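Overview (structure and organization)
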Amino acid sequence: MIGHEGVVDDAVTRLQRVGVLAIARAEVDDERIVRFRPDEQRLNELDEQIARAQFVKDFLGRYHEPQIAFASFIAEKIHANEDEFDVLEPDAASSALYEECNRVAARLADIERDRTRTRQLLAELRPWVTLRLQISGWKGSERVALFAGTVPKTASLAIRQSLRDAVTDVSVAEVGHAGDREAWLVMAHHDSLAQVRAQLALTEFSEVSFPELEDYPAEEIANLEDHLHALDSEEAALRERVAELEPEYMPAAVLVEALRVRRDAVDVRSDFCATERVFAVSGWVPERLKPTLLDALAPVGPNIDVSFTDPAPDDLVPVDIVNPWFIRPFEVLTDLYGRPGYGDVDPTPLLAGFFFLFFGMCIGDVGYGAALAIVAYLMKTRLDVAPGVKKFMDLLIAGGFASILVGIATRSYFALTYEQLPVFLRYKPLIDPLEDIIALLVISIALGVVHVLLGVAVNVYQQVKRGAWADAVQDDLSTVLLLIALAATFATGQVAILGWAAVVAVILKGRIIGHLFIERAPLKALLGVGSGILGIYGLTGFISDFLSYSRLAALGLSGLLVGQVMNLLAGMVSSAPWGIGLVAAALILIVGHSFNLVINLLGSFVHPARLQFVEFFSKFYEAGESVYKPFSRSRALLVLHPSRGEQEGGSSK
């Protein structure tokens, strides 16, 4: 996009509002073109405004009680009307709020420091409370020095004795004690003062002085306690003032976000380039969003020119993936691993069905699946969570339905046995996990074979798409041939099938035909035999991949057995008299099954995800390097609501 410098503000504002262009940093390789220089004065001004608004937000935030459920676990969102947000600016009221918050915060900090200092002084004074000698009179005479200190009560006699043994011209008065310290007034002849101090330095004697105090210790202690009460009263009044200011927390939070969005609009211009009169912006927009971008920029009119080009082969293109609504929740898994590179296969539709089935097999219970789906739905709809969390809840809802389907097939309802089920649920299951363990294990591994071979097939497709036919045949199709031959050998008992398949695989993997008839290099063909044999040995990696899927059966069985144990325990205590048994049984069922569901949920997400990432993705998929992140007003905790006109079908443009 190229435009006249006079419309840069309008153009940037529209780009930010529409939020579809991922702006790229312009490359400047012409001496007539320079990098656009943002208004540094405006940036500094915005930084100062942000700092002031952030101070108000942080200060009031310490006293703000979020009005959302589970506030300890969920960050409170900042909601704002879109039109009001776009024109929000610091004003006299926000400046006055900052000054008031700054005053209150500074005074609260002063009070806390004063309180700490006063309490420390009180602690030091308490051992002297019984001394009827004004602190200002704690002075020596022309010949005698007097100083005060404390010693541990447990060491008092020992320190006194060591002092008397070392010095004769010294006298100690035990004034009193508080806690584990004892107060001493020490009087010594000036000629012996240095010797006294040297001896006390070898002990736990701690000298104290109160230069800012003059009255009797008891009176000074009373004054300090009164001062503490005054500080408490002043603090209470200040906190009442904070409570009056607390409703301004959310407006302050909105102002912070508005100023940050505005700063982004200034700072992003450092990615532009410019001449004396013209600025230029480059970036990426998905094909489907081109009309949206053009409509947003249309009001700027003839002052800009927008052109589009297809990506060049060497371009690092940001990736955006678009899937149908029923596939979209599974994008969580793709995002965990990493988005695909531009032009590569989006693995989300490929993994969705398998993850759905694997998740259902790991939980495999109608009751658990229904509970999971209901809880996830309530968290999505009743809590103010981020869009990413809502998508994850959609994934759990899908997993809950998968668990219900598998639970119906295996006749598992809160792990109840056949005898414990109501009559209408006592049907013959498609497979009984406890009776048909081997069949369940075979099904799990068979699904793994299909899953892994799908990954190999996708890799063949990608290689053929790139024109690498030879690699597709030699590396992947030869492996598929061996696996088919291995299966045929087990089915028919004809070892020759596997033998001939191994010979063909060695020829293909070693590229022996190419070396002999194309390159005419017999030595390379001979070396290729060894390479082909090593390639066949690599088949063991596939076997271990297949066996990894046995964990699906293991997780499903473990959840079922733990659930049955909980039911058994509840049945054992339910017969206790006076209703105690029923209460205990209910607690065991609720707590036990909840615990079992939570533990199963963790394994049901981690292990199927691992099968996708390690066994499946490793066959064909590498994560890309750049994710589509358009320049917009979006911020982590900010939720903008359209104006009433837009909600009713109007437009704010």
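Parameters and conventions
- Residues numbered from 1 in each chain as written.
- Predicted model: local features only at pLDDT ≥ 70, side-chain atom pairs only at ≥ 80, totals over all residues.
- Heavy atoms only, no water.
- Pairing = 2+ DSSP bridges.
- Helix = DSSP H or I, 4+ residues; strand = E, 2+ residues; numbered from the N terminus.
- Contact = heavy atoms within 4.5 Å.
- Axes fitted to C-alpha atoms, helices over the stretch in contact; angles between N-to-C directions.
- Parallel < 35°, antiparallel > 145°, perpendicular 65-115°, else oblique.
- Nonpolar A, V, L, I, M, F, W, Y, C, P; charged D, E, K, R; others polar.
- Expected span 1.5 Å × (residues − 1).
- Buried < 20%, exposed > 50% of the residue type's maximum accessible area, 1.4 Å probe, protein only.
- Polar contact = N/O pair within 3.5 Å; in protein donor to acceptor, adjacent residues only side chain to side chain.
- pLDDT = per-residue confidence, 0-100.
- Salt bridge = Lys/Arg side-chain N within 4 Å of Asp/Glu carboxyl O.
- Phe/Tyr/Trp six-rings, centres within 6.5 Å; stacked < 30°, edge-to-face > 60°.

1. As for the sheet that holds strand β12 (residues 304-305)
Taking strand neighbours across the sheet as the criterion, the five strands line up as β3-β9-β10-β1-β12 in an open arrangement whose pairing is antiparallel. Lying at the two open borders of the sheet, with one neighbouring strand each, are β3 (34-35) and β12.

2. A few points about the environment of Leu-125
Mapped onto the secondary structure, Leu-125 falls in helix α4 (residues 92-125). Expressed as a C-alpha distance, the spacing of Leu-125 and Ala-178, which sit 53 residues apart in the sequence, is 9.0 Å. Among residues more than four places away in sequence, those in contact with Leu-125 are Ile-135, Phe-210, Leu-213, Pro-217, Glu-220, Ile-221 and Leu-224.

3. Overview of the packing of helix α20 (residues 550-573) against helix α21 (residues 580-616)
Two elements in contact, α20 and α21, have axes whose closest approach is 8 Å; the angle formed by their N-to-C orientations is 175°. Between α20 and α21, the interaxial angle falls into the category roughly antiparallel. By residue class, the composition of the contact of α20 with α21 is twelve nonpolar, eleven polar and two charged.

4. With respect to helix α2 (residues 40-61)
Over its 22 residues, α2 runs 30 Å from end to end, which matches the ideal 32 Å to within 8%, given 1.5 Å per residue. Burial in α2 covers these residues: Leu-43, Leu-46, Gln-49, Ile-50, Ala-53, Gln-54, Val-56, Lys-57, Phe-59 and Leu-60. Contact partners of the buried residues in α2: β4 (78-81), α4, α7 (217-245) and α8 (249-267). Backbone nitrogen of Gln-41 and a side-chain oxygen of the N-cap are separated by 3.1 Å at the start of α2; the cap is Asp-39.

5. Points about the confidence of the model for the chain
The share of residues in the chain with pLDDT of 70 or more is 86%, and the mean pLDDT across the chain is 84. Here residues 645-653 is a poorly scored stretch, pLDDT under 50, and it has ten contacts once near neighbours within four places are set aside; other chains count.

6. Concerning the sheet that holds strand β6 (residues 170-178)
Reading across from one edge, β6-β7-β5-β8 is the order of the four strands in this open sheet, with antiparallel pairing throughout. With partners counted over all chains shown, the strands left at the sheet margins are β6 and β8 (206-208), one partner each. Averaged over all adjacent pairs, the angle separating strand axes in this sheet is 35°, with direction ignored. As paired strands, β6 and strand β7 (residues 181-189) are joined by eight bridges and run antiparallel to one another. The partner of Val-170 across the bridge, within β7, is Ala-188. On top of the sheet, helix α6 (residues 193-201) reaches β5 (144-152), β6, β7 and β8; it is set at about 5° to β5, its chief contact.

7. Remarks on the pattern of salt bridges
Under the counting rule described, the total for this entry stands at 35 salt bridges. With its nearest N and O atoms 3.2 Å apart, the salt bridge here joins Arg-262 to Glu-89. A residue pair is termed long-range when its members are at least 10 positions apart, and Arg-262 in helix α8 and Glu-89 in the loop between α3 (82-86) and α4 qualify at 173 residues. Accessibility expressed as a relative area gives 16% for Arg-262, which makes it buried. The shortest N-O distance in the salt bridge between Arg-126 and Glu-225 comes to 3.2 Å. Taken together, the residues span a long stretch of sequence, with Arg-126 in the loop between α4 and β5 and Glu-225 in helix α7 at a distance of 99 residues.

8. Some details on the packing of aromatic side chains
What describes a pair of aromatic rings is the distance from one ring centre to the other and the angle between the planes of the rings. Applying the stated criterion across every chain yields a total of 27 aromatic pairs. Each ring, one from Phe-59 and one from Tyr-63, has its centre 5.6 Å from the other, and the planes form 70°; the classification is edge-to-face. A residue is classified by how much of its surface remains accessible, and Tyr-63, at 27% relative accessible area, is partly exposed. One aromatic cluster is present, formed by Tyr-337, Phe-354, Phe-358, Tyr-549, Phe-613, Phe-616, Phe-617, Phe-620 and Tyr-621 through successive ring pairs.

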